[in-house]
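# Understanding the architecture of this molecule
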Amino acid sequence: MKESSEIAVLVLSCDKYKDLWDPFFDFFFKYWADCPYNVYLASNKIKYERQGVTSLLAGELTNWSNETSIILNQIKEEYVIVILEDYFIYKTVNILQLEKCYKFLKENNGLFFQLAIFPTDHREWWDYDLTNDKEIGKIKKNQTYRINLQIGIWSKKGMLNVIKEGESPWEFEIEGSKRSNNLEMNCYCLLDNLNLKYVHGPITYLCTALSRGVWMREAIGLAKKNSIVLDITKRKVESRWDYLKRKVYFAMPFKFRKYMDFIKSL
């Protein structure tokens, strides 16, 4: 364990995704070898033995919210950088920008600071007002994803306050965003960059390596490029046909995609 700090890294996972732990941390320590914080991996009953990683166990598989609360209560630090196990980091972490975001969150009564910068067409999910810092926005209340599980910094106490027993990660994002409106705590983000069309920020990562338990072809290519081994015997790999359909879908304007999703849901 590292010396006392107010901030830690928490990788949220569970036992059924144990085949992702090795590649996740291969990427993590390749691009953040000098991480100054304690790094925790959350799982159920299976401990992960790796230098620089501390396993935290939630016990029996119940539901995401209950297990996450159990894990958070085992962490001594007051702030956590939350990362999901299929977010593969593939660029060197910008620690100076990261520390700036943490300092801003702490000094401005922050609940959550979204570190992931998405293309501008996603902004309607977390629209923001400008702050006195030209790089940072204050996410407005009543936004669909005012809080979310993209990589971000959380007040541990604040996160525990918006978690509700029995919810899935997806319910937590939607319903937790509603609950966050009632807290006297603010949510922040980094401003959009019109020139970059991929998810970026102080921690640039693949979003995501898995979809519905299937390896995305981008993850296969990224691992190969970095000489990192993926175990493809445990789960399927996205077919070329499904990959092409997905690429065509995401090439469409964002609002048109959302309209199509709505039609399909009827």
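Data block above holds the structure.
In this report, the structure presented in the accompanying data block is examined. Values in this document were obtained by computation on a predicted structure and should not be read as measured data.

On to helix H3 (residues 95-107). In this model H3 runs 18 Å from its N-terminal to its C-terminal C-alpha over 13 residues, within 8% of the 18 Å that 1.5 Å per residue would give. Three or more residues of H3 are buried, namely Leu98, Cys101, Tyr102, Phe104 and Leu105. Angularly, the buried residues of H3 cover 160° about the axis, an arc narrow enough to put them on a single face. When the buried face of H3 is taken as reference, the exposed residues oriented beyond 90 degrees from it are Leu96 and Glu107. Looking at the buried positions of H3, the neighbouring elements they touch are strand S1 (7-12), strand S4 (79-84), strand S6 (110-114), strand S8 (136-139), strand S9 (152-155) and strand S10 (186-190). Just past H3, the residue Asn109 takes up positive phi, approximately 55°.

On to the packing of aromatic side chains. Scanning the model with the defined rule gives 21 aromatic pairs in all. Here Phe104 and Tyr188 contribute two aromatic rings whose centre-to-centre distance is 5.0 Å and whose plane-to-plane angle is 85°, an arrangement assigned as edge-to-face. Pair noted here: Phe104 is in helix H3 and Tyr188 is in strand S10, with a separation of 84 residues, a long-range link. A ring pair is formed by Phe112 and Trp154, whose centres lie 4.6 Å apart and whose planes are at 40°; its orientation type is tilted. Placement of Phe112 in strand S6 and of Trp154 in strand S9 is noted, with a sequence separation of 42 residues between them. The same class applies to Phe112 as to Trp154, namely buried. Aromatic ring contacts, followed pair by pair, group Trp21, Phe24, Phe25, Phe28, Phe29, Trp32, Tyr37 and Tyr48 into a single cluster. The aromatic ring of Tyr128 is capped on one face by Arg123, whose charged end is 3.9 Å from the ring centroid.

Cut-off values and rules
Residues numbered from 1 in each chain as written. Predicted model: local features only at pLDDT ≥ 70, side-chain atom pairs only at ≥ 80, totals over all residues. Heavy atoms only, no water. Helix = DSSP H or I, 4+ residues; strand = E, 2+ residues; numbered from the N terminus. Expected span 1.5 Å × (residues − 1). Buried < 20%, exposed > 50% of the residue type's maximum accessible area, 1.4 Å probe, protein only. Arc of directions from axis to C-beta. Contact = heavy atoms within 4.5 Å. Phe/Tyr/Trp six-rings, centres within 6.5 Å; stacked < 30°, edge-to-face > 60°. Lys NZ or Arg CZ within 6 Å of the ring centre and 35° of its normal.

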